[in-house]
Amino acid sequence: MTSESVLEIFKTITTIPRESGHEGPITAYLVKWAADHGLKCKTDSTGNVNIIRKASRGKGHIPTLVLQCHQDMVCEKKADFEFDFSKDPIPYVIEDGWMVAKDTTLGADDGIGIAACLALLESDISCGRLECVFTISEETGMDGAEAMKQGFFSGKTLINLDSEDEGQLFIGCAGGVNTVATFSYGTEPVKPGYSCVKLVIDGAQGGHSGDDIDKGRANAVQQMARFLYTEKKHGLQLLDFKGGNKPNAIARDCSALVAVKDPDATIERFKVFGAFLKAEFATSDPGVCVSAKTVGSSAQAVKARAAGRIISALAACPHGVEAMSQDISGLVETSSNLAAVRMGDGKCVVTTSQRSSVMSARDMMAQKIEALFTCAGAKVVHKFPYPGWKPDVNSHILQLCRESYKKLFGTAPLVKAIHAGLECGLFLEKFPGLDMISFGPTLRGVHAPGEKLELASLDKFVALLEDVVCQFE
Ligand SMILES: [Zn+2]
């Protein structure tokens, strides 16, 4: 196996449509490829594929090794670029040592994993039995890994080929759960003489609620609640509160509609508050800013008691890092994201999400949020729980990869875990005791037009993979 052979296969894969949820063409390609190469192939009703290569002569005693990647890719293109992901080959160039798709996603996440598996399967390397598992719809919810049945693969050691930083070995990921609180409220008339003011916090950077939760960025929802809490003593009435968007994104903007006795004074205090935000986030989130204006009158406000409970709960709700890992330096172990608030029809819905690589800690964090909102009179439900993968610094496959890396390149790889989801977490739930690791070549700009693959890192990735597969026993 060579990086050239992997790259040639990847170039073929760029011509095969494989948007998440529409993996039919790539699934069919893999099944046919296995048949053409005389290899046994399993599929399940979800679309997952397992291509099996028998042990080489004299290697029958070695335990099975599983290599795993995902079939689908994120399909994003520049707005003005005419392109149909359901049929057009991905246009790419090779320049300055990178393979780049300038106007679309490249799909090296995770097409390069597929290519590495196929190159390995058709190579003449001598190794034990291999199972190459290709899941579907990783990017949109890990549906393939989620639906996979016990026994779909039999190996007890798995190498996931869906990481994006050469020189780093990943040995853990976070599990998560969404916790949603719903307040019910009645309305009451806006007090005579009160005027409506719209308060806006925006310009914050936001980001991913896993990867970016430790970056100290402003959470617009949390900051708005903070201001409204202090403003309550001036006799504020709440009419609307809207901020954030997806459960896995940090809230970049938030607006609140309030009725107050002295709008100029409220606007003035909000400006002062904006200056505090600018100072507090000068390093981590310098774009955050506030604006306020009086708006046309409104008849009804949220009843005072309910408004008080909503504002207090949001002001008290934790956001950010709860605990750092004691095993892996710099890894966030447990966190919570105050993600979004929406009001209407007598309901105020607050969406939060918790993550941890330790399942009991994930559940503790979710319980903490539940307890807070229950105290404030909201009804709380937990949705979409998924398991994490707790780092095992004594893992056998980790030792092997580490030694191999040092032998090949003369330096030690970084051993890391991520505070986001990987399919590995789901495998661990179904295949308890599975020993896993994840590594890959360097990719940049994944999930967006301009995604690129560093070719020098591909050489090292391929060398490491081949060596580990040969050494594994
Ligand atoms: Zn991926």
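Residues numbered from 1 in each chain as written. Predicted model: local features only at pLDDT ≥ 70, side-chain atom pairs only at ≥ 80, totals over all residues. Heavy atoms only, no water.

What follows covers the sheet that holds strand β23 (residues 452-454). Overall, antiparallel pairing links the four strands, which are arranged β4-β5-β23-β22 in an open sheet. Of all the strands in the sheet, just β4 (93-95) and β22 (443-444) have a single pairing partner and so form its edges. Here two bridges tie β22 to β23, and the two strands are oriented antiparallel to one another. In the strand pairing of β23, R444 is matched with K452. (Pairing = 2+ DSSP bridges. Helix = DSSP H or I, 4+ residues; strand = E, 2+ residues; numbered from the N terminus.)

This brings us to the side chain of S255. You can see S255 is positioned in strand β13 (residues 254-260). Of the residues examined, S255 reaches a relative accessible area of 18% and is grouped as buried. Beyond its immediate sequence surroundings of up to four residues, S255 is in contact with K198, L199, V200, M224, D240, F241 and K242. (Buried < 20%, exposed > 50% of the residue type's maximum accessible area, 1.4 Å probe, protein only. Contact = heavy atoms within 4.5 Å.)

What follows deals with the domain arrangement of the protein chain. The domain architecture assigned to the protein chain consists of domain 1 (3-173 + 389-471) and domain 2 (176-386). Each of domain 1 and domain 2 was reduced to a C-alpha centroid, and the two centroids are 39 Å apart. Opposite the 13 residues of domain 1 that make contact, domain 2 presents 16 residues. For the domain 1 face of the interface with domain 2, the top three residues by lost area are K390, P391 and H419, together amounting to 54%. Linking domain 1 to domain 2 there are one salt bridge. Taken together, the connections running from domain 1 to domain 2 amount to two residue pairs in polar contact (both at pLDDT 80 or more). Residues that form the side of domain 1 that touches domain 2 fall into these classes: nine nonpolar, two polar and two charged. (Domains from an automatic or database assignment. Buried area = accessible area lost by both parts, 1.4 Å probe. Salt bridge = Lys/Arg side-chain N within 4 Å of Asp/Glu carboxyl O. Polar contact = N/O pair within 3.5 Å; in protein donor to acceptor, adjacent residues only side chain to side chain. Nonpolar A, V, L, I, M, F, W, Y, C, P; charged D, E, K, R; others polar.)

The subject of this paragraph is helix α2 (residues 24-36). Along its 13 residues, α2 runs 18 Å from first to last C-alpha, staying within 8% of the 18 Å computed at 1.5 Å per residue. Buried residues of α2: I26, T27, L30, W33 and A34, and no others. Seen end-on, α2 carries its buried residues on one side only, within an arc spanning 125 degrees. Facing away from the buried surface of α2 by more than 90 degrees, the exposed residues are K32, A35 and D36. Tucked inside the fold, the buried residues of α2 contact α1 (3-13), β1 (40-43), β2 (49-53), α3 (108-122) and β6 (130-135). Downstream of α2 by one or two residues, G38 has phi in the positive range, about 65 degrees. (Expected span 1.5 Å × (residues − 1). Arc of directions from axis to C-beta.)

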